[in-house]
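Residues per chain are reported as follows:
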Amino acid sequence: MSWKDLVAALITTLFAYTLYIVLSRIFLSPLRHIPGPRLAALTSWYEFYYDAIQQGKFVWKIKDLHSQYGSIPLIILRGQQRTDGIA
């Protein structure tokens, strides 16, 4: 195998893995029925953007998402955020 074949195999593998992650988080996740931004369901970069790049504005973004999606939006990849007082 030449190095071009190895690079092509690596790129194909990374693409297939990324496609698998995206499809499984959107269609197979137990949290798929919870409303919220799809980018937040796919990656933790959504929270990172508002915390690091926007300098700590994730707290206010959560409030906006609650008004847009209701009391239990899917805000972070690891779970949901509630405002209805039920733990």
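Residues numbered from 1 in each chain as written. Predicted model: local features only at pLDDT ≥ 70, side-chain atom pairs only at ≥ 80, totals over all residues. Heavy atoms only, no water.

1. Considerations on the overall build of the chain
Reasoning step 1: The number of helices and strands found in the chain is four helices and zero strands.
Reasoning step 2: Counting from the amino terminus, helix and strand elements in the chain follow one another as α-α-α-α.
Reasoning step 3: Looking at the 87 residues of the chain, the share that counts as buried comes to 22%.
Reasoning step 4: When contacts within the chain are restricted to residue pairs at least 6 apart in sequence, long-range pairs at least 24 apart make up 44% of them.
Reasoning step 5: Of the roughly 6,500 Å² of accessible surface on the chain, a fraction of 65% belongs to carbon and sulfur atoms. (Helix = DSSP H or I, 4+ residues; strand = E, 2+ residues; numbered from the N terminus. Buried < 20%, exposed > 50% of the residue type's maximum accessible area, 1.4 Å probe, protein only. Contact = heavy atoms within 4.5 Å. Areas by Shrake-Rupley, 256 points an atom, 1.4 Å probe, with all protein chains shown as cover.)

2. Things to note about the confidence of the model for the chain
Reasoning step 1: For the chain, per-residue confidence averages 84 on the pLDDT scale, and 85% of positions sit at 70 or higher.
Reasoning step 2: When pLDDT is averaged over each element of the chain, helix H1 (residues 3-28) comes out on top at 94 and helix H2 (residues 38-42) at the bottom at 84. (pLDDT = per-residue confidence, 0-100.)

3. Overview of the environment of Gly56
Reasoning step 1: Within the element layout of this structure, Gly56 appears in the loop between helix H3 (45-53) and helix H4 (58-69).
Reasoning step 2: Excluding its chain neighbours within four sequence positions, the residues that come into contact with Gly56 are Tyr50 and Asp51.

4. Structural notes on a nonpolar patch on the surface
Reasoning step 1: The grouping of Phe15, Leu19, Leu23, Phe27 and Leu28 at the surface amounts to a nonpolar patch, some 560 Å² of accessible area in total.
Reasoning step 2: Within the secondary structure, Leu23 is located in helix H1.
Reasoning step 3: Relative accessible area serves as the criterion here: at 40%, Leu23 is assigned to the partly exposed category. (Patch = residues over 30% accessible without salt bridge, like charges linked within 9 Å, V, L, I, M, F, W, Y side chains within 5 Å. Salt bridge = Lys/Arg side-chain N within 4 Å of Asp/Glu carboxyl O.)

5. With respect to the environment of Ser24
Reasoning step 1: Position of Ser24 among the secondary structure elements: in helix H1.
Reasoning step 2: In this structure Ser24 comes out as buried when scored by relative accessible area, which is 15%.
Reasoning step 3: A C-alpha to C-alpha distance of 9.2 Å links Ser24 and Leu42, two positions 18 residues apart in sequence.

6. Let's talk about the packing of aromatic side chains
Reasoning step 1: All told, the structure shown has three aromatic pairs when counted by the stated rule.
Reasoning step 2: Judged by centre distance (5.4 Å) and plane angle (65°), the ring pair of Tyr46 and Tyr50 falls under edge-to-face. On the criterion of helical spacing, the pair formed by Tyr46 and Tyr50 is a turn pair, its members being four residues apart in helix H3. Comparing Tyr46 with Tyr50, the two get one shared label, buried.
Reasoning step 3: Considering the side-chain rings of Tyr49 and Tyr50, the 5.0 Å spacing of their centres and the 80° angle between planes classify their relative orientation as edge-to-face.
Reasoning step 4: Through pairs of rings, three or more aromatic residues link up here, namely Tyr46, Tyr49 and Tyr50. (Phe/Tyr/Trp six-rings, centres within 6.5 Å; stacked < 30°, edge-to-face > 60°.)

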